[in-house]
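Residue-level structural notes
Spelled out, the chains give:
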Amino acid sequence: MTDLVIGADGLARCAWGASTPDYAVYHDTEWGRPLRGDDALYERMTLEAFQSGLSWLTILRKRQAFRLAFDDFHIPTVARYDDADVTRLLADAGIVRNRAKIEAAVANARAALELPEGLSTLLWSFAPEQRPARPSSFAELAPITPESTAMAKALKKRGFRFVGPTTAYALMQATGMVDDHIVGCHVTLPPAA
């Protein structure tokens, strides 16, 4: 399998983005596009943490259920969750029912509320300089970078959980802090600015 494939629609995509219809939509419309806003980035951070050890496709297919279960990832609302909410979430078959990840999501909402600059500003402060050209293969990409390591350390220092360097880099890729689409991919991204 090459890192770039031509889909049934004739468009060149990063290979993973052509492997299922769900991935194609996500790849073409979301992955790598600059995303800002505290609640929006909290959602992505939470979903990346839930993905740890699982396929992203599993999380993607459960995303709507996650949104319903976590009140659209509204940080102040989730920060008020108590033991009854954790119990409710553990009983929700629509999401990944992992106590440590659920408790981390609540703790992370509380930590996000404490950030004077807001979550979006903090996360984007770790975005690296954009590389001059897209990678020619996924082999050129490392799952951990100095920036993702620094982001993970800064988050941990502020009380965040389940956001290690690999998860932080996946978050950077998903939210456009880095452009890891392969050369020749049809997706055109707006500047991260």
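As a starting point, this report considers the structure included with it. Predicted, not measured: the structure shown is a model, and the values here were computed from it.

How each quantity is defined
- Residues numbered from 1 in each chain as written.
- Predicted model: local features only at pLDDT ≥ 70, side-chain atom pairs only at ≥ 80, totals over all residues.
- Heavy atoms only, no water.
- Salt bridge = Lys/Arg side-chain N within 4 Å of Asp/Glu carboxyl O.
- Helix = DSSP H or I, 4+ residues; strand = E, 2+ residues; numbered from the N terminus.
- Buried < 20%, exposed > 50% of the residue type's maximum accessible area, 1.4 Å probe, protein only.
- Phe/Tyr/Trp six-rings, centres within 6.5 Å; stacked < 30°, edge-to-face > 60°.
- Lys NZ or Arg CZ within 6 Å of the ring centre and 35° of its normal.
- Polar contact = N/O pair within 3.5 Å; in protein donor to acceptor, adjacent residues only side chain to side chain.
- Contact = heavy atoms within 4.5 Å.
- Axes fitted to C-alpha atoms, helices over the stretch in contact; angles between N-to-C directions.
- Parallel < 35°, antiparallel > 145°, perpendicular 65-115°, else oblique.
- Nonpolar A, V, L, I, M, F, W, Y, C, P; charged D, E, K, R; others polar.
- Disulfide = S-S within 2.5 Å.
- Lys, Arg positive; Asp, Glu negative; His and termini not counted.

Turning to the pattern of salt bridges, a few remarks are in order. Pairing between side chains of opposite charge can happen when their charged atoms approach one another. Overall, the coordinates contain 10 salt bridges when judged by the stated rule. Among the salt bridges present, the one from Arg61 reaches Asp22, with a minimum N-O distance of 2.5 Å. One end of the pair, Arg61, is in helix 3 (residues 56–69); the other, Asp22, is in helix 1 (residues 21–29), with 39 residues separating them in the sequence. With relative accessibility at 54%, the residue Arg61 sits in the exposed group. Classification of Asp22 by relative accessible area gives partly exposed; the value is 33%.

Time to look at the packing of aromatic side chains. All told, the structure shown has 10 aromatic pairs when counted by the stated rule. Ring geometry for Trp16 and Tyr26: centres 6.2 Å apart, planes at 55 degrees, overall tilted. Placement of Trp16 in the loop between strand 2 (12–14) and helix 1 and of Tyr26 in helix 1 is noted, with a sequence separation of 10 residues between them. Taking relative accessible area as the criterion, Tyr26 reaches 3% and is therefore assigned buried. Consider the rings of Phe50 and Phe70, whose centres lie 6.0 Å apart with planes at 65 degrees: the pair is edge-to-face. One end of the pair, Phe50, is in helix 2 (residues 38–51); the other, Phe70, is in the loop between helix 3 and helix 4 (75–79), and 20 residues separate them in sequence. With a relative accessible area of 0%, Phe70 lands in the buried category. Following the ring pairs from residue to residue traces out a cluster consisting of Tyr42, Phe50, Phe66, Phe70, Phe73 and Tyr81. A cation over a ring is seen here: Arg36 above Trp124, with NZ or CZ 3.8 Å from the ring centre.

Here we take up the side chain of Asp180. Locating Asp180 in the fold gives a position in the segment after helix 9 (165–174). Polar contacts involving the side chain of Asp180 include one to the side chain of Arg131, which spans 2.8 Å. Of the polar contacts made by the side chain of Asp180, one reaches the side chain of Tyr169; its length is 2.6 Å. Excluding residues that lie within four positions of it along the chain, Asp180 makes contacts with Trp31, Arg131, Pro135, Phe138, Leu141, Tyr169 and Gln173.

Remark: helix 1 packs on helix 3, axes separated minimally by 10 Å, with the N-to-C direction vectors making an angle of 80 degrees. Taken together, the axes of helix 1 and helix 3 lie roughly perpendicular to each other. For the pair helix 1 and helix 3, contact is made by Asp22, Tyr23 and Tyr26 and by Trp56, Leu57, Leu60 and Arg61, respectively. The residue inventory of the contact of helix 1 with helix 3, partitioned by class, reads 5 nonpolar, no polar and 2 charged.

What follows is about the state of the cysteines. For the structure on display, the rule yields 0 disulfides. You can see Cys185 has no disulfide; the closest cysteine sulfur is in Cys14, sitting 4.0 Å from it. Overall, the relative accessible area of 9% leaves Cys185 in the buried class.

Looking now at the side chain of Glu48. Its location among the elements puts Glu48 in helix 2. Although buried, Glu48 forms no salt bridge, and the nearest oppositely charged side chain, Arg44, lies 6.4 Å from it.

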